[in-house]
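# A look at the structure
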Amino acid sequence: MVKFATRALIAVGLSGVLALTGCSTGKSGGASGGSIGDQVKHEIIGIDPGAGLMKQTQQAMKDYELTDWKLVEGSSAAMAAALDKAYKDEKPIIVTGWTPHWMFAKYKLKYLEDPKGSYGKDEEIHTVVRNGLKNDAPSAYAMLDNFEWTPDDMAVVMSAVVDGKDPAEAASQWVKDNADKVDGWVKDLPKEDGKKLKLAYVAWDSEIASTNVVKQVLEQRLGYKVDTLQVEAGPMWAGIANGSADAMVAAWLPTTHKDYYEKYKGQFEDLGANLVGTKLGLVVPEYMDINSIEDLKTK
Ligand code: PBE
């Protein structure tokens, strides 16, 4: 099911890129094509509209007075495909990006400096569960509370997936190779006999990795039967708040998902960080001659 969803997304991503490049004049490459804005047709390649990163980018466009610029909506997969295409042709491109993400290992990229702080700082990824999960599924609750890993751990799973491995298999392999770490998450917890659990997630590369790992651990080590529901960011938060999903490991806080966090306050339980060391912002290939978001207005 995850596999199917990922494939479907890639298909959507590719058609998005065709649409994007279809109207390109094809002579925007290099530093010779006028201002940076002209070279990229004043477009920033975004992701899914519900992502906090999109709201932060709209804020950045206000903060840096990028009034004639457009933020293109799409998906993580479409953004990655557009970046891949531009990079191979050494064409200029500006995308909304975040760390951890495999794209920084695959391409030479840089974040544009953000002197006005539109993208916040010191973000963490939190685990958030529905109210009542502690009573209804105490061992899952405890495992989710214990779940914590590093950007390097996540990178291993993400890279395997982008290289074509099925996300469930990539996660399963990581769980096998990191038995000691996983042991710590499930220590002394009782086994269930096929008890059902629903994890909600958005098809962001980082969250495809984390959600699949947590599913594997809950199933292999604790005997749960886990369904993963791929949704948009808004429905993910709403699903936890109304109890139609049990948990998610995809809450970017305190800034990125601030709106969702405040909207549903009291209707979920925040189990704290499962990963620290994230970053968000505008990302460009290193071969582009700009360093700061401010350059988009002046260069
Ligand atoms: N992201 C990845 C998400 C959170 C995870 C940065 C694209 C967002 O912007 O909401």
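Okay, so let's go over this structure. Everything quoted here is computed from the prediction, not taken from an experiment. (Residues numbered from 1 in each chain as written. Predicted model: local features only at pLDDT ≥ 70, side-chain atom pairs only at ≥ 80, totals over all residues. Heavy atoms only, no water.)

This part takes up the packing of helix H9 (residues 167-177) against helix H10 (residues 179-186). Interaxial distance between H9 and H10 falls to 5 Å at its minimum, and their mutual angle equals 90 degrees. Taken together, H9 and H10 sit at an angle that is classed as roughly perpendicular. In contact with Trp-174, Val-175, Lys-176 and Asp-177 of H9, H10 contributes Ala-179, Lys-181, Val-182 and Trp-185. Considered class by class, the residues forming the contact of H9 with H10 number 5 nonpolar, no polar and 3 charged. (Axes fitted to C-alpha atoms, helices over the stretch in contact; angles between N-to-C directions. Helix = DSSP H or I, 4+ residues; strand = E, 2+ residues; numbered from the N terminus. Parallel < 35°, antiparallel > 145°, perpendicular 65-115°, else oblique. Contact = heavy atoms within 4.5 Å. Nonpolar A, V, L, I, M, F, W, Y, C, P; charged D, E, K, R; others polar.)

Another point: the side chain of Ser-118. Assignment of secondary structure puts Ser-118 in the loop between strand E4 (109-111) and strand E5 (124-130). Ser-118 sits in the buried class, given a relative accessible area of 9%. Looking at Ser-118, its side chain comes within polar contact range of the side chain of Asp-63, at 2.7 Å. (Buried < 20%, exposed > 50% of the residue type's maximum accessible area, 1.4 Å probe, protein only. Polar contact = N/O pair within 3.5 Å; in protein donor to acceptor, adjacent residues only side chain to side chain.)

Attention shifts here to the site of the ligand. The environment of the ligand is made up of Ile-47, Ala-51, Gly-52, Leu-53, Trp-98, Trp-204, Glu-207, Trp-252, Thr-256, His-257 and Leu-280. Between the ligand and the protein, one listed contact pairs an oxygen atom with a backbone N or O atom of Leu-53 at 2.8 Å. Between the ligand and the protein, one listed contact pairs an oxygen atom with a side-chain N or O atom of His-257 at 2.7 Å. Burial of the ligand by the protein amounts to 100% of the accessible area it has alone, namely 280 Å². Its residues placed into classes, the shell around the ligand shows 7 nonpolar, 3 polar and 1 charged. Each of domain 1 (7-121 + 279-297) and domain 2 (124-276) accounts for three or more of the residues forming the shell around the ligand. (Near = heavy atom within 4 Å. Areas by Shrake-Rupley, 256 points an atom, 1.4 Å probe, with all protein chains shown as cover. Domains from an automatic or database assignment.)

Burial runs high along E5: 6 of the 7 residues are buried. Bridge count between E5 and strand E8 (residues 247-253): 5 bridges; the pairing is antiparallel. In the sheet register, Glu-124 faces E8, and the bridge partner there is Leu-253. Where E5 and strand E9 (residues 268-276) come together, 6 bridges link them in antiparallel fashion. Counterpart to Arg-130 in the pairing with E9 is Phe-268. (Pairing = 2+ DSSP bridges.)

Note that all results are geometric; they support no functional claim without further evidence.
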